Amino acid sequence: MTSSSDAVGGTEAGRLDPIDEVVVVGTGFVGLPLALLLAERGKRVVGVDIDENLVDAINDGTLNLDEDRLQALLDSEGVNENLVARTTPTDGDAFVISVPTPLAEKTKSPQLAHVEGAVESILPHLEAGDLINVESTIPPLTCEQVIVPLLEDAGFAVGEDVQLAHSPERILPGNVFEEIVNNDRVIGGADDASRRRAAMIYEPFLEGEIYYTDLLSAELCKLLENTYRDINIAIANEFALIGDALGVDMNDVIDLANHHPRVDILTPGIGVGGHCLPVDPWFLNEATPEYTDLITTARRINERMPEVTAGKVRRAVADLSDPRILALGATYKPDTYDLRNSAAVTVVEDLDADGYDVVHYDRYADEVGYDDLAALIDRESPDVVLQLVPHGESVAELDELRPSLESEGIRVLQFGTGNPVDPEPQPELEPEPEPSP
Ligand SMILES: NC(=O)c1ccc[n+]([C@@H]2O[C@H](COP(=O)([O-])OP(=O)(O)OC[C@H]3O[C@@H](n4cnc5c(N)ncnc54)[C@H](O)[C@@H]3O)[C@@H](O)[C@H]2O)c1
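Residues numbered from 1 in each chain as written. Predicted model: local features only at pLDDT ≥ 70, side-chain atom pairs only at ≥ 80, totals over all residues. Heavy atoms only, no water.

The name given to the protein chain in an unreviewed UniProt entry is UDP-N-acetyl-D-mannosamine dehydrogenase, and the organism recorded there is Halomarina halobia. You can read under Sequence similarities (unreviewed entry) in the UniProt record for the protein chain the words "Belongs to the UDP-glucose/GDP-mannose dehydrogenase family." The UniProt entry for the protein chain carries the following comment under Catalytic activity (unreviewed entry): "UDP-N-acetyl-alpha-D-mannosamine + 2 NAD(+) + H2O = UDP-N-acetyl-alpha-D-mannosaminouronate + 2 NADH + 3 H(+)". (UniProt positions renumbered as here; feature names shortened; annotations may be inferred.)

Student: So what's going on with a nonpolar patch on the surface? Residues and values would help.
Tutor: A cluster of nonpolar residues, Ile 242, Leu 246, Val 248 and Val 253, forms a patch on the protein surface that exposes about 320 Å² of accessible area. Mapped onto the elements of the fold, Val 253 is located in helix α10 (residues 250–257). (Patch = residues over 30% accessible without salt bridge, like charges linked within 9 Å, V, L, I, M, F, W, Y side chains within 5 Å. Areas by Shrake-Rupley, 256 points an atom, 1.4 Å probe, with all protein chains shown as cover. Salt bridge = Lys/Arg side-chain N within 4 Å of Asp/Glu carboxyl O. Helix = DSSP H or I, 4+ residues; strand = E, 2+ residues; numbered from the N terminus.)

Student: For the site of the ligand, give the residues involved together with the corresponding values.
Tutor: The full set close to the ligand counts 26 residues, and Val 30, Asp 49, Thr 101, Thr 137 and Arg 340 are the nearest of them. One nitrogen or oxygen atom from the main chain of Phe 29 is found 3.0 Å from an oxygen atom belonging to the ligand. Compared with its free state, where it exposes 830 Å², the ligand has 90% of that area covered by protein. By residue number, the principal contributor to the shell around the ligand is helix α5 (residues 113–122), which donates three residues. (Near = heavy atom within 4 Å. Polar contact = N/O pair within 3.5 Å; in protein donor to acceptor, adjacent residues only side chain to side chain.)

Student: Now, about helix α14 (residues 373–380): what can you tell me, with residues and values included?
Tutor: Of all the positions in α14, only Leu 373, Leu 376, Ile 377 and Glu 380 are classed as buried. Looking straight down α14, one finds its buried side chains confined to an arc of 100 degrees; they lie on one side. In this structure, α14 carries Asp 378 and Arg 379 as exposed residues pointing more than 90 degrees from its buried face. In this structure, the buried residues of α14 make contact with β10 (324–328), β11 (357–361), β12 (384–387) and α15 (392–407). Immediately downstream of α14, the backbone of Ser 381 shows phi near 40 degrees, a positive value. (Buried < 20%, exposed > 50% of the residue type's maximum accessible area, 1.4 Å probe, protein only. Arc of directions from axis to C-beta. Contact = heavy atoms within 4.5 Å.)

Student: A description of the sheet that holds β12 should follow, citing residues and the corresponding values.
Tutor: Taking strand neighbours across the sheet as the criterion, the four strands line up as β11-β10-β12-β13 in an open arrangement whose pairing is parallel. Bordering the open sheet on either side are β11 and β13 (411–414), each of which pairs with just one other strand. The sheet shows a mean angle of 20 degrees between the axes of neighbouring strands, direction not considered. Sheet topology places β10 next to β12; four bridges connect them, and they run parallel. (Pairing = 2+ DSSP bridges. Axes fitted to C-alpha atoms, helices over the stretch in contact; angles between N-to-C directions.)

Student: So, the UniProt feature "domain: UDP-glucose/GDP-mannose dehydrogenase C-terminal" (unreviewed entry) in the protein chain: which residues are in play, and what are the values?
Tutor: UniProt tags residues 326–403 as "domain: UDP-glucose/GDP-mannose dehydrogenase C-terminal" (unreviewed entry). The distance separating the terminal C-alpha atoms of residues 326–403 is 17 Å; by composition the span is 40% helix and 15% strand.

Student: So, helix α13 (residues 343–353): which residues are in play, and what are the values?
Tutor: Along α13, the positions that sit buried rather than exposed are Ala 343, Ala 344, Val 347, Val 348 and Leu 351. For α13, the angular spread of the buried residues around the axis is 140 degrees, confining them to a single face. Next to the buried residues of α13 lie α12 (293–316), β10, β11 and β12. For α13, the capping residue at the N-terminal end is Ser 342, with a side-chain oxygen 3.2 Å from the backbone nitrogen of Ala 344. Among the residues trailing α13, Gly 355 stands out with phi positive, at a value near 95 degrees.

Student: Tell me about the side chain of Asn 226, residues and numbers included.
Tutor: Within the fold, Asn 226 resides in helix α9 (residues 215–246). Residue classification places Asn 226 among the buried residues on the basis of a relative accessible area of 8%.

Student: Can you explain the pattern of salt bridges? Please cite residues and give values.
Tutor: In this structure the tally under the stated criterion is 22 salt bridges. We note a salt bridge from Glu 40 to Arg 41, for which the minimum N-O separation is 2.9 Å. With relative accessibility at 32%, the residue Glu 40 sits in the partly exposed group. Ionic pairing is found between Asp 192 and Arg 196, a salt bridge with its closest N-O pair at 2.9 Å. In this pair, Asp 192 and Arg 196 both sit in helix α8 (residues 192–202), four residues apart, roughly one turn of the helix.

Student: Any chance you could break down the nonpolar core for me, citing the residues and the numbers?
Tutor: Note on soluble globular proteins: their nonpolar side chains tend to be buried together. Grouped together as the largest cluster of nonpolar side chains are 43 residues, with contacts concentrated most on Leu 34, Leu 83, Ile 187, Ile 201 and Phe 205. Beyond its immediate sequence surroundings of up to four residues, Ile 187 is in contact with Ala 165, His 166, Ser 167, Arg 195, Ala 198, Ala 199, Tyr 202, Ile 210, Tyr 211, Tyr 212 and Thr 213. One finds Val 23, Val 48, Leu 112 and Val 134 within the second-largest nonpolar core, a separate group that totals 28 residues. (Core = buried A, V, L, I, M, F, W, Y, C linked by side-chain atoms within 4.5 Å.)

Student: Give a detailed account of the packing of aromatic side chains, specifying residues and quantitative values.
Tutor: Taken as a whole and judged by the stated rule, the model has three aromatic pairs. For the pair Tyr 202 and Phe 205, a centre-to-centre distance of 6.2 Å together with 80 degrees between the ring planes defines the contact as edge-to-face. Pair check on accessibility: Tyr 202 and Phe 205 agree, each one buried. (Phe/Tyr/Trp six-rings, centres within 6.5 Å; stacked < 30°, edge-to-face > 60°.)

Student: So, the packing of α9 against helix α11 (residues 280–287): which residues are in play, and what are the values?
Tutor: Packing of α9 against α11 brings their axes to within 8 Å, and their N-to-C directions diverge by 115 degrees. Crossing handedness for the pair α9 and α11: left-handed. Contacts between α9 and α11 involve Leu 220, Lys 222, Leu 223, Leu 224, Asn 226, Thr 227 and Asp 230 from the former and Asp 280, Pro 281, Phe 283 and Leu 284 from the latter. Within the contact of α9 with α11, the residues separate by chemical class into six nonpolar, two polar and three charged. (Left-handed = near helix turned anticlockwise from the far one by under 90°. Nonpolar A, V, L, I, M, F, W, Y, C, P; charged D, E, K, R; others polar.)

If you want it as structure tokens, here you go:
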């Protein structure tokens, strides 16, 4: 680990107590990889989760992880020796909070019940000198207005009795091992000692740089990152819609525009899913609704894309009677196994609700997995193969099969690699009147 040269922390000489035992509260996508890495590097780790099946699977070694390197960690001697999972917290030197922060479905308001529950659950085990480090993505001012009061009500003065830090996670499901080790981290702290002590949690494995800041800036930083990406995708999607209206494949135009040295437009798609982008912009909206016009408009554009995609599919198969559609790709983006908030699932639900005969598979998602595309096509006998998520491997496989499928009369529609459907037919223009002689 290296600290940034212009970092706020790290310049004061105050000695910090070592962190030997880490209690990770919430051992899901974010918490478990951290728990595994720390245990493998020799820290004593307690992984706490309210999901008993998950706790049992971690302790029995029967958990199946989607990434080979994470699975190897889970099966390692260090993890066997140093990690124990439980449904309730124990004492420790540092408590990492990595529980969900979902939105209320209708109001889009952040729900902090898991964070509050996690903090309350550690209170009986908290002792003077302990550190609480929040990794969950949280709305602005959550540390100051929710977590600090919970600690104070229990008799702990932050900065005097206990330390408080916020180090939001940036990992990408599908590339977790690589990113948790190599990504730079932003650590906000209630004070300098809090943030420097939080950095000690990551010391055993971190290769990226650490940038230190205050709690609110760390909360905002994570939200800015994801909101920026969401807006960039929304403008790419809006460009694609303009392209549809004008009869132009906007993917090609975006490629051309990105040759400008200061332009980097992301890729249009069938919608934005996952655990972060469809959620985090609403946290900013909750805090300052008067300044989130662009942010909420972008969200709505991205939320509309699955419906737009289903419409394109309908148009592309309109001449077929009762077509059987084999939809490929169910994850929220290519080359991941994560199905959460997936636009591909919404597209299929939309077509399904409309009465189309759709079967849905994804080579990376166990729930709907398959091994061999040719065998799958033989088994399902589709009239249409619809690629919704362009996993590198599936695209290559489908590109290879495409000529033979088309020669058998199977229609292939590939979203995510060029424009699969002709843009909407444009109204015929009235012929120019002949100039009068
Ligand atoms: N998944 C990602 O790619 C990602 C990336 C960056 C940040 N985040 C953020 O990290 C946080 C956690 O996300 P995740 O993807 O790991 O969620 P997750 O649902 O995969 O895991 C969270 C775990 O916390 C457990 N839990 C809930 N309440 C608890 C409690 N009171 N005590 C103990 N365990 C409890 C759940 O049972 C679950 O296993 C969220 O704020 C999320 O926005 C996620």
